[in-house]
Structures are given as structure tokens and as C-alpha cells.
Amino acid sequence: MNHPLLSVKNLTIDYIGDRKDFRAVDDVSFDIAPGEVFGLAGESGCGKSTIAFAISRLHKPPALIRRQSKILLNGRDVLDLTPQALAAFRWREVAMVFQSAMNSLNPVSRIGDQFHDVLMSHTTMTKAQARERAAEMLRLVDISPDRLRDYPHQFSGGMRQRIVIAICMALDPKLVIMDEPTTALDVVVQREILQRINDLRRTFGFSVLFITHDLGLMVQFCDRIGIMLAGRLVEENAAEAIFQTPGHDYTKKLWSSFPSLHGGALL
Amino acid sequence: MAFLFRRLGFYLAAFVAAATINFFLPRLMPGDPVQIMFSSAGAELPPESLQSLKLTFGFVDGPLWQQYITYLGSIFTGDLGRSIKYFPAPVTAVLGQALVWTVGLMGIATVISFTIGSLLGVLAAWRRGSAFDVIVSVGAIFATSVPAVVTSLIVVFVFGFTLGWFPSGYAADPRLDPAFSLQYIGSVLYHGFLPMVTLCAVLTGGFAVTMRNNMINLLGEDYVVMGRAKGLSDHHVMIWYAARNALLPTVSSLAIAIGTILGGSLVTEVVFNYPGLGNILYQAILARDYPVIQGQLLIMTATMLIANFIVDVSYVLLDPRLKGAL
Amino acid sequence: MRVLLDGLLRNRKALVGAIILVLVLLAAIAAPLLTQYDPSARVGRPHQPPSWNHLMGTTRIGQDVFARLLYGARTSLAVGFGAGLLITAVGTALGIIAGYRGGKTDEVISFLTNMVLVVPNLPLLLVLAAFIGQASPFVIALILGLTSWAWGARVTRAETLSLKQKDFVKAAEMIGEPQWRIMTFEIFPNLISIVGINFIGSVIFAIITEATLEFLGLGDPRAISWGTMLYNAQKASALSVGAWWEILIPCFALALLGLGMSLLNFAIDEVANPRLRTGNWRDRWILLARSGEGRL
């Protein structure tokens, strides 16, 4: 991997407390190559979402990214971006799908407007062009463009998550972060969404940072996987190796907590 | 539509409840209810006027339910009896004119303080922990903890009596005839300024706190974070993602606040000698003018119910999830 | 409960609020030690400005304002806490019963609650007080208690509804504990912060409303309370004759007590709702960020 798209180096994040700090991410480093799907697995609270937030610089106090940390995207340190550069960077280079499909669209604004605001603030498109682009994106995820005037509550959970994915595609980003994108959905919808992401990835060539606690799901979807435990990255390897020859004790434990049928049947 | 109809039905029931209180209260008091209600009128009124007044309040020969029906009948035909103090002026006329001033004062003060308060709350929540947030929060605690009567008295003392910048009485210069003239309107604004500012000072803090807390509770929502992740400007996320959603619970808490607003407005009017309902009521209490005191409960309840209905409608208009309800 | 107390002890707002409350309380208790004057007696010439003899001046009929203020604090506190207790008790009981029992009971209580919420409070109190005639502070506390519980009932009901689904309540039901025991010993202790906010809010409301009713002339003018002080001062046109002390002093007393109580209320709210809290971590965070130890 000579030119990684994303290179996270020594990322250390604390939550500042009244008296003591809580180290949520402890000296984590990993790379993601262009077009690669990299998975971060671990139980809830192990710091994987904290990493996702840091890459788009979405954290607010009391979170604090320690100074030795570096997040390089195409060689540029995201942590050094000025506010204007950051605004331009977000979504254009890194887009994000959030955990709760039911809650990641603004409930009081139309789907079309939620495409428009992102298109209008990042491009010089006219209203008509933005509308055309939004329609095109919706078609990608098999939702009729007539529904741009509808509100989020008029869609099912799976459809809402597809709409979020469509919004992610709007600016043709280089990296898409998916923070447990299918946890809130049932298994059938889950599979359909992942399939869709995979197809889109082949078409557009973006990289994916995929975060979940479901190792089985991860192995079939990712190229490489990192296993996190209590803020540290304890193992990192190709997906197959993680499945067949897990190195760290914790990874083995994670596997043994799955019914064997589940893991085998998926591959 | 069904939702709004249900609300209307409920409001009708609430209005009847208020009327029922009015009906039973004099009858629950020890002693002769007629004596209680019209004692101060007895000697001064001609017997036939007193008789018609009794009829209005349901004091007819017959069982209680018949009296009750008679009373409800007179209320729903718009007959609230006649004032004893201003006899023979009907209660509706005495209160109706005052109501215009009260609703004007209250309505404008509510709109102003809701707007300013909500804006302050939004900004304070967005800059959580900043000096601005501390000032707004502490200021709001002060404003909400001081009773309206105290605020009014202090304002009238400082600006009305000591500095003499503003008049401390009447809705307009009493030497002017009410007319649609620049001079008259100017006088109304001049006279209304202090009560208006006082009422705004009393109300703004409460709205700011409500909005701030509602904002803080939803700043962690995924859609707000996604708005930030989209690279939209700070202002855009603050207004269209956070504040626009925080407005919904704030508007519904407005419905509960209306009672407080009404109360504050009554008190302010008394202190500023402003000819609204509060002042009429104050005079009526001093004169024990029971028909007017009872009438104000019905008129205030009706005002409150209409205000509640306006809040209901605006809530439905603001929340697309309820679009079907209209 | 312990967490709540612990949080309150470390909260600055709670500290200032408690100090104000204790000061007013001490002044009320120690009134006979702090002044030699009888609050209702004519002890000086009318409308004397503050002086050594009369620290806060005299009223139009020559009563000592300082003495009236101290003794009046007793009334304000007694009515505030008495009515506050009554309001909270009724509201909490109705809220828990409606939320826990559900069904018809809930429907009836909720309907009643909503009804009381849309009938304007002050006008209703005015009518009640008017018929009762010159209402003593005790009667005012009583009618306040019986008419102002609706907000508390609504909030308590909502919280009870969510507690009802919790495992410990389900467990108690399985063991076959009687409903009243579940309501008192399982649900009520978990509502303590809401009950606290409701109580303090009700005390503030009662103090303000008592003063307002008396100011409007519905109280017993012979009672010694901050509200009647305002009423008498207003009737004596204290402001227009320049006797500001007669009117501003009870004003400041009411404002101060209100402020103390609200500070306590905001503090409980912050302790109970962690999202509203602004802890010490902020100072530490700013320090670290400024010194270049970290960023966002």
C-alpha cells in the first residue's frame, strides 16, 4: 500500500472529565487504500465510533484529540484544516452513514431539500441542476425521484438508509464512513443495503470504513479488518485471515461468541 | 382534521367546566347565594333590574338542574349579566372593551418575547458554556424568578415616577379622541411601551430557558450531526437542523405558558393603571362586583382556549408528520 | 437519591440558592430578636424614610416596614412551602396513579388534568378568592394547593409511564406485590428528582401567587405578609408620594426569595438531567486545548 487514501496515525482521543479523563481511543494507527473496504469491529464502547467521528472532525468537547494524532487524507492532515477548508472537505471527501436509519434525516425537511443544501453549499449548481442531480442519486438506490417532495417519516427504515446513502453519493466522495449502518434494520433489509453499497463502490470506486460489532457481517463485506478492544487496535489483518487464523485472544473470543453455523454459512 | 376537531370538542368541555364553577361557587358558599352576589347592588338597583340579573345567573324557582340549564342558556346566548359597579352596562360590554387592550398587550408581548427568547436560547445552546451562554442562563434565572408584580412595580418606579420618561397610566392620552390618526396611535404606543417592556422582561427568560434546554436535548441527534458532517455552514445547521426541530417542543410548551402570560398581563395592567381586563377586574374586586368577576373567568377562559387552539394549529403546521391532521 | 444530594452539594447554583433560602428562613424565625417593633402596631409617624429608628422607614399609617418585612417572611414561607407541599402531593399522587394504573383511571385523571391546564389559573383563583371574601393566608394556601397540581400530575404521569416498563417494576409485579406498594416503594423513589423540581417550582409559584392575590386585594388586609405590604403600599399611592421604601422593600424581598428558589430548581434540573450540566471538565478542556495538548 504505497499511497493510502486515509492514513490514521497514533490517534489518541480523551473524554475530559471533571477530575479524570477517559481514554476512548488509544494510539490507533491504520491505513485504508483507495477503493478498499476496511472494517473496524469491537463491542460497543470500544472507541470505534469515536474514530469515525474524528475523521470528519465532528467531535465536540469534552472530547479532545491528543496532539500526537494525525489523520491524513491523501497526505493532508485533516486536523490542520481551517474552518473553511473543513467545510469544503466534509462530505466532498468523506461522507458518512449513521447508525440510526430512523433518525439521520432531518424530520422537518423534505428529502429534496436535504439533497439541495449539500449540493448548493458545495457546488455552483443552479436549483434545476441540483434537482436533476438529486433525482439521479435517488434512482441509484431505486427510489422514485417523485418522492423528493416527501418527508422522511413517509419512508420505511430501509428506504431512509438508502436515501442517506444516495445523499452520500451526491458529491462523489473518496471515502464513505459507515457507522453501524444496518443495526437498526432487519436482516433482509440489512443484506440488501450492503449489496447496494458494494455495487455503488464498484461503480464509483470510493473506499469504505465500515464499523460494526457484527463480525460475521464484516468478514463477508470487508477486504481488511481491525479488531478493537478498550480503545486499542489489537489486531489488523485481511478479512480471511481474521476469520481463519485469528491471532489475538480477543478475536478468538469474538468468534467463539458466534454460533459456528452462522460464520460458516455466510462464506 | 380529526385531531383539531377533537381539540375543539375538548375546549368546549373546558369552557363548560369554567361556567360550572361559576354556577356552583355562589351556591356552595354559606348563606344566601343571591345575597352574596348582589349584596352591594340590593339597595341601589330597581327591583326589576335585580330580578333580570338573578334570572341571568340562574336564580329561578326550580330544581338545581333547571337553574343550571337557565344559567348555561344565558351564557351561550352571550348574556353574562350586568355590572353592578357600572350599572346598567352589560358585563360583556365592560369586559369586551378592556379585552381589546389586554389581548393587544398580551399578544404583541408574547410574539416579541417568544421570538427574542427563542433566539437567545438557540444561540446559548449552540455556544454551550461560552460567556454568552452564562449571561443568558443567569439572566433568564433572574427574569423567571422575579414575580410580574415586582418587575412592574420596579419598572414603574424607575421609568414612570423617578425618571418620568413614560406615562404611568392610561392606554392613550385621555385628552385625545380615539381615532385612526397618527397622533392617537403614537399616544397608544407611548402609553403602552412600559407595560409592554415589563411583560416582555417577565416572559423572555422563560422562553429562552425552554428553547435552550430543548436545543441541548437534540444537539446529539443523528440528523444534527449529519448536518454538520455534510459540511453545511454552522448557521445553516443551527437554524434548519437544530432550532427548527427544537421549535416543536417549545411551541407546545407555549400552550402551557399562556396561563402565566395572562396572569402576568393582568398584574402589569393593574400596576400601570392600563385599562385592560386586569384593571377592570381590580376595580371589580374592590367593589365586589361579582357579575364582572365571574364574567372575566369565562372571557379569560375563552381567550385562553382560543390561544391554545392557535398553538395547536401552528404545531400542526410546523410538524410535517402531522400534515394529515389538518 | 444519594447521587442527587452529592451533585447538589457540588453545584454552585444550589449553594447560592440554599444560602439565600437559609438567610430568609433565619430572618423569619428570629424576627422578634431582630426588631423591637410590633409589625401591626403604629410605632412612628407616617411615611418616615429609612433612619436609625426605623431601618426601612414606616408605612402610611406609621408601621415599621422592617418589622413587617421580617414577620411577613413567615407568612410567605409558610404559604409557599405549605401550598407547595400540597400541590406536589396531589400532583405526584395523581400522576403516579394515572401512569401506573392506566385504562379508565388514567383517562379520567388525564382528562381532568388537561381541563385544569386550559382554565387560566389566576382568573380562577380570583373568582374563588372573591367568593371566599378576605382570604387568610391559610385559605390562600389551601385553594392554591387544590387548583395548581395539573402540571405536576402531567409530568409525573409521563415519567411513570416509562418507569412502568422497567424490569424492577415487572419483577415486583411477578412477586405479586400489591399495587400501592409498587407505586410507593418502586416507582415513587425513582421520581425523586421530578418531585423535587415540582416541589420547588410549586413553592415559587405559591409565593408569587399569594403575593399577587393579596396585591390585587383578595387577601385579608390585616394579615402580615409581603403581598399585603404591596397592597397597602399601592393603596396608599406610596410611589406617587415618593415613599419608595414602602413598596420597593417587599419587592426586593420577593425577588430575592424567588431567585434563591429558582437557583435551587435549576440546580436540581442540572443534576437530574446530565445533558444540561456544565461541569468542571470544561475548564480543564479549555486549558488542555489552549496549551496545545490536544484539539478537535
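Right above here is the structure, for reference.
First things first, this report covers the structure right here in the doc. Keep in mind that what you see is a predicted model, and the values were worked out from it rather than measured.

## Re the overall build of chain B
Stage number 1. When its secondary structure is counted, chain B shows 12 helices and 0 strands.
Stage number 2. If you list the helices and strands of chain B from N to C, you get α-α-α-α-α-α-α-α-α-α-α-α.
Stage number 3. The dimensions of chain B, computed from C-alpha atoms along their principal axes, are 80 × 55 × 40 Å.
Stage number 4. Residues counted as buried form 55% of the 326 residues belonging to chain B.
Stage number 5. Surface exposure of chain B reaches about 13,600 Å², of which carbon and sulfur atoms provide 70%.
Stage number 6. Each charge class in chain B was averaged separately, 16 positive and 15 negative side chains, and the resulting centres sit 10 Å apart.

## Here's the deal with the interface of chain A and chain B
Stage number 1. The partner chain B presents 20 residues to the 26 residues of chain A that form the contact.
Stage number 2. Between chain A and chain B, roughly 2,100 Å² of surface is buried when both sides are summed, and carbon and sulfur atoms account for 59% of that area.
Stage number 3. The interface formed by chain A and chain B holds 1 salt bridge in total.
Stage number 4. A salt bridge links Asp117 of chain A to Lys230 of chain B; the nearest nitrogen and oxygen atoms lie 3.1 Å apart.
Stage number 5. Inspection of the region where chain A meets chain B yields 10 residue pairs in polar contact (both at pLDDT 80 or more).
Stage number 6. Where the side of chain A that touches chain B is concerned, the elements lending two or more residues are helix H3 (111–122) and helix H5 (157–169) of chain A.
Stage number 7. Looking at the side of chain A that touches chain B element by element, the count peaks at 5 residues for H3 of chain A.
Stage number 8. Of the residues in the side of chain A that touches chain B, the class split is 12 nonpolar, 10 polar and 4 charged.

## Comments concerning the pairing of strand E10 (residues 224–229) of chain A
All names here are of chain A.
Stage number 1. A large share of E10 lies buried, amounting to 5 of its 6 residues.
Stage number 2. Where strand E3 (residues 37–41) and E10 come together, 4 bridges link them in parallel fashion. If you follow Ala41 over to E10, its bridge partner there is Ile227.
Stage number 3. Following E10, the chain reverses through 2 residues before pairing antiparallel with strand E11 (residues 232–238); Ala230 in that reversal takes a positive phi of roughly 45°.

## Looking at the side chain of Thr209 of chain C
Residues and elements named next belong to chain C.
Stage number 1. Among the secondary structure elements, Thr209 is positioned in helix H11 (residues 192–215).
Stage number 2. With relative accessibility at 6%, the residue Thr209 sits in the buried group.
Stage number 3. At a separation of 2.6 Å, a polar atom in the side chain of Thr209 contacts the main-chain carbonyl oxygen of Phe205.
Stage number 4. Sequence-distant contacts of Thr209, defined by excluding residues within four places in its chain, comprise Leu122, Leu125 and Leu144.

## Re the interface of chain C and chain B
Stage number 1. With 51 residues of chain C at the contact, the number on the chain B side is 55 residues.
Stage number 2. Where chain C abuts chain B, roughly 4,700 Å² becomes buried across the two surfaces, and 78% of that area is made up of carbon and sulfur atoms.
Stage number 3. Joining chain C to chain B, the criterion identifies 0 salt bridges.
Stage number 4. Linking chain C with chain B are 3 residue pairs in polar contact (both at pLDDT 80 or more), by the criterion used here.
Stage number 5. Of all elements in the fold, only helix H5 (103–118), helix H6 (121–132), helix H8 (150–164), H11, helix H12 (226–235) and helix H13 (244–272) of chain C reach the threshold of two or more residues within the side of chain C that touches chain B.
Stage number 6. The element best represented in the side of chain C that touches chain B is H13 of chain C, accounting for 13 residues.
Stage number 7. Broken down by class, the residue content of the side of chain C that touches chain B amounts to 34 nonpolar, 11 polar and 6 charged.

## A short note on the pairing of E11 of chain A
Stage number 1. By the bridge criterion, 6 bridges tie E10 of chain A to E11 of chain A in an arrangement that is antiparallel. If you follow Leu229 of chain A over to E11 of chain A, its bridge partner there is Arg232 of chain A.

## Regarding the packing of aromatic side chains
Stage number 1. This structure, assessed with the given rule, holds 16 aromatic pairs over all chains.
Stage number 2. Look at Phe30 of chain A and Phe38 of chain A: their rings are 4.9 Å apart centre to centre, the planes differ by 10°, and that puts the pair in the stacked class.
Stage number 3. Among the aromatic residues, those joined into a ring-pair cluster are Phe10, Tyr11 and Phe309 of chain B together with Phe111 of chain C.
Stage number 4. The ring of Trp126 of chain B has Lys60 of chain A lying over it, and the distance from NZ or CZ to the ring centre is 4.7 Å.

Conventions used here
Residues numbered from 1 in each chain as written. Chains lettered and ligands numbered in written order. Predicted model: local features only at pLDDT ≥ 70, side-chain atom pairs only at ≥ 80, totals over all residues. Heavy atoms only, no water. Helix = DSSP H or I, 4+ residues; strand = E, 2+ residues; numbered from the N terminus. Buried < 20%, exposed > 50% of the residue type's maximum accessible area, 1.4 Å probe, protein only. Areas by Shrake-Rupley, 256 points an atom, 1.4 Å probe, with all protein chains shown as cover. Lys, Arg positive; Asp, Glu negative; His and termini not counted. Charge placed at Lys NZ, Arg CZ, Asp CG, Glu CD. Contact = heavy atoms within 4.5 Å. Buried area = accessible area lost by both parts, 1.4 Å probe. Salt bridge = Lys/Arg side-chain N within 4 Å of Asp/Glu carboxyl O. Polar contact = N/O pair within 3.5 Å; in protein donor to acceptor, adjacent residues only side chain to side chain. Nonpolar A, V, L, I, M, F, W, Y, C, P; charged D, E, K, R; others polar. Pairing = 2+ DSSP bridges. Phe/Tyr/Trp six-rings, centres within 6.5 Å; stacked < 30°, edge-to-face > 60°. Lys NZ or Arg CZ within 6 Å of the ring centre and 35° of its normal.

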